[in-house]
Amino acid sequence: DVEHSRSYIDELYSEDNYKCQEAIVCLKNAVIGSNKKKGSVISQGIVPRLISLLRDDTKDPNLRLDAAIVIGSLAKGTESQVHSLIYCETVQVLLGIVLSPGTDRRLMETCLGALKTILQYPFAPIELLHCNIGNLVRLIQLASPGSSIQCQVYVANIFVPLCHSSHQQKNLCQANVIPFLVRLMISHLTILQVPALKCLAAMCFTNKYVSDNVCMTCHEERSILDILTELLSRTRDVQIQLSASRCLTYLHRSGSLRADDYRIVYKTLPSLARLCSEDFDEETRATAAETLAYLAEIDSELQRLAAISNHLICSLANLIRCPSPLSRQGAFRCFASLAANDEDIRKRIIEMDGLMEEVLNGLKDTCPEVRLSAVRCLHSLSRSVQLLRTTFQDHSVWRPLMDLLVGEPSLELLTVVTSTICNLLLEFSPAKEPMLDSGAVEMLCELTKHSDPALRLNGSWALMNMAFQAEQKVKSKIIDTLGTDRIF
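Here is what the cut-offs are and how they apply
Residues numbered from 1 in each chain as written. Predicted model: local features only at pLDDT ≥ 70, side-chain atom pairs only at ≥ 80, totals over all residues. Heavy atoms only, no water. Helix = DSSP H or I, 4+ residues; strand = E, 2+ residues; numbered from the N terminus. Buried < 20%, exposed > 50% of the residue type's maximum accessible area, 1.4 Å probe, protein only. Contact = heavy atoms within 4.5 Å. Areas by Shrake-Rupley, 256 points an atom, 1.4 Å probe, with all protein chains shown as cover. Lys, Arg positive; Asp, Glu negative; His and termini not counted. Charge placed at Lys NZ, Arg CZ, Asp CG, Glu CD. Arc of directions from axis to C-beta. Polar contact = N/O pair within 3.5 Å; in protein donor to acceptor, adjacent residues only side chain to side chain. Axes fitted to C-alpha atoms, helices over the stretch in contact; angles between N-to-C directions. Parallel < 35°, antiparallel > 145°, perpendicular 65-115°, else oblique. Left-handed = near helix turned anticlockwise from the far one by under 90°. Salt bridge = Lys/Arg side-chain N within 4 Å of Asp/Glu carboxyl O. Phe/Tyr/Trp six-rings, centres within 6.5 Å; stacked < 30°, edge-to-face > 60°.

We now examine the overall build of the protein. The number of helices and strands found in the protein is 34 helices and two strands. With respect to the three principal axes, the spread of C-alpha positions in the protein is 90 × 55 × 45 Å. Across the 488 residues in the protein, those meeting the buried criterion constitute 55%. A sequence separation of at least 24 residues applies to 68% of the contacts in the protein between residues at least 6 apart. Accessible surface computed for the protein: about 21,900 Å², of which carbon and sulfur atoms make up 51%. Taking the average place of the 49 positive charges on the side chains of the protein and the average place of its 55 negative ones, the gap between the two points comes to 2 Å.

Along helix H23 (residues 343-350), the residues classified as buried are Ile345, Arg346, Ile349 and Ile350. Considered in projection along H23, the buried side chains sweep an arc of 130° and stay on one side of the axis. Capping the start of H23, Asp342 holds a side-chain oxygen 2.8 Å from the backbone nitrogen of Asp344, two or three residues further along.

Here we come to the packing of helix H25 (residues 368-381) against helix H29 (residues 411-424). One way to put it is that H25 packs onto H29 with a least axis distance of 9 Å and a crossing angle of 25°. Considered as vectors, H25 and H29 are oriented roughly parallel to each other. In the packing of H25 onto H29, the handedness of the crossing is left-handed. Contacts from Arg371, Leu372, Val375, Arg376, Leu378 and His379 in H25 reach Glu412, Leu413, Val416, Val417, Ser419, Thr420 and Asn423 in H29.

Before going further, it helps to examine the pattern of salt bridges. One pass over the structure, following the stated rule, counts 19 salt bridges. Note that Arg222 and Glu230 form a salt bridge whose closest N and O atoms lie 2.6 Å from each other. The partner of Glu358 in a salt bridge is Arg328, with the nearest N and O atoms 3.3 Å apart. Pair noted here: Glu358 is in helix H24 (residues 355-363) and Arg328 is in helix H22 (residues 325-338), with a separation of 30 residues, a long-range link. Comparing Glu358 with Arg328, the two get one shared label, buried. Counted as one network, the salt bridges with shared partners bring together Arg321, Arg328, Glu358 and Asp365.

Time to look at the environment of Ala296. Secondary-structure assignment places Ala296 in helix H19 (residues 282-296). Given a relative accessible area of 1%, Ala296 falls into the buried group. Sequence separation between Ala296 and Cys151 is 145 residues, and the spatial gap between their C-alpha atoms is 38 Å. Aside from chain neighbours lying at most four places away, what touches Ala296 is Leu302, Gln303 and Ser337.

Attention now moves to the packing of aromatic side chains. Here the structure, examined in full by the defined rule, presents five aromatic pairs. Note on Phe159 and Phe180: the rings are 5.9 Å apart at their centroids and 70° apart in plane angle, and the pair reads as edge-to-face. Of the two residues, Phe159 is situated in helix H11 (residues 149-159) and Phe180 in helix H13 (residues 177-185); the sequence distance between them amounts to 21 residues. A relative accessible area of 0% places Phe159 in the buried class. Arranged with centres 5.8 Å apart and planes meeting at 75°, the rings of Tyr250 and Tyr294 form a pair that is edge-to-face. Note that Tyr250 is positioned in helix H17 (residues 238-253) and Tyr294 in helix H19, a separation of 44 residues in sequence.

Examined against the element boundaries, His130 turns out to sit in helix H9 (residues 127-130). His130 gets classed as buried once you look at its relative accessible area, which sits at 9%.

We now examine the environment of Ile51. When you line up the elements, Ile51 lands in helix H4 (residues 47-55). Exposure remark for Ile51: the relative accessible area of 6% places this residue in the buried category. Setting aside chain neighbours within four positions, we find Ile51 in contact with Ile71, Cys88, Thr90 and Val93.

In structure tokens:
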């Protein structure tokens, strides 16, 4: 492959513009659609030459455009290939060309497309855009109503991954991104509406300042809340309905929209419950379940309403049997939310055929997110006295739970597992005796020394449950293992 491409690659370094142009056209045709060719080109160290051609404004515009096209094509390769582009400071160069006022429109749009592709990766240097708020303002200007649809699509998609922290969310807000996103949301073009809604949702996530701003913003005398509610209509594209539901969910959870607001109770919740049904593709159902779990997580009335909406429990039971980790994770998370406070809902969930087996399989899943969600589901179900005495005992749930503590579980998993263990050690739980025999005392005493306060609390709480009305030998074992100094 290297020998075959050597001739035109040598010509790429020629000072003769015609030869260089011919070589870059060959290169452009070679790398399109072939990750193998992309890898070969990158390994031969050609990226710096492409960047040099791209930056040189004395070069023929078509040569610079073709260099940008090749870089955009390389950006669509593998993750390691994108790492190589970032290492060569490609993002800085693309950004410089895009933000420069005198750049040719075709070149600017090609660089925007390459930038959009690279910035979707979690390791992309997004701080380059945030280091100056003027960069964000300039991007909005580039995507004015008079610009091409493609240009607006690129800019909308560039903004989506720029909201990782509260500082970044606030930055976008102060750059006046919200009015820009609203204009795209009402454009009636799905390719503009979906990224605009995704960006708005990401901006509102756990951010009260941004969420309050969104709730107060109007566009042509209509509030954003009304626009979002209208986008939940069944006549809209499914991705628009889902993304608008996420926006309203995050506005509620940020504290800017009350749980009893009609837009949450009568619009967002039913819309998400409907999107969990088998009428939709698996990814949509999984995302809807995850979003609904978050919406209802802390409000018992929303949990009660969700449980009776659109046969949701049946829909989730079907989703939990889907092969993809995302589906299982979403279904477990949603069951965990629904079962958090209501005994009747727990009973309805556990009565689903084969449900407990699915939860126990989830505890052994290879995907860590699925395992965590399955434990969350188990934790909610473990708040039921009846289930602790019956289903949990029949399936010896404590065994796989204790197994999760072996090795190096994540802090989050450890917290949820130990919270569930606290419930399994209550005086009326039949699991208490076998857990004692399996070294629970030693494990819990060790937890009380953990650096994380939540885990120290769980360890203490579980030991308290274990000691309550216990036999003398159990109390003695706790004192001997923990030590009076540690107790004090």
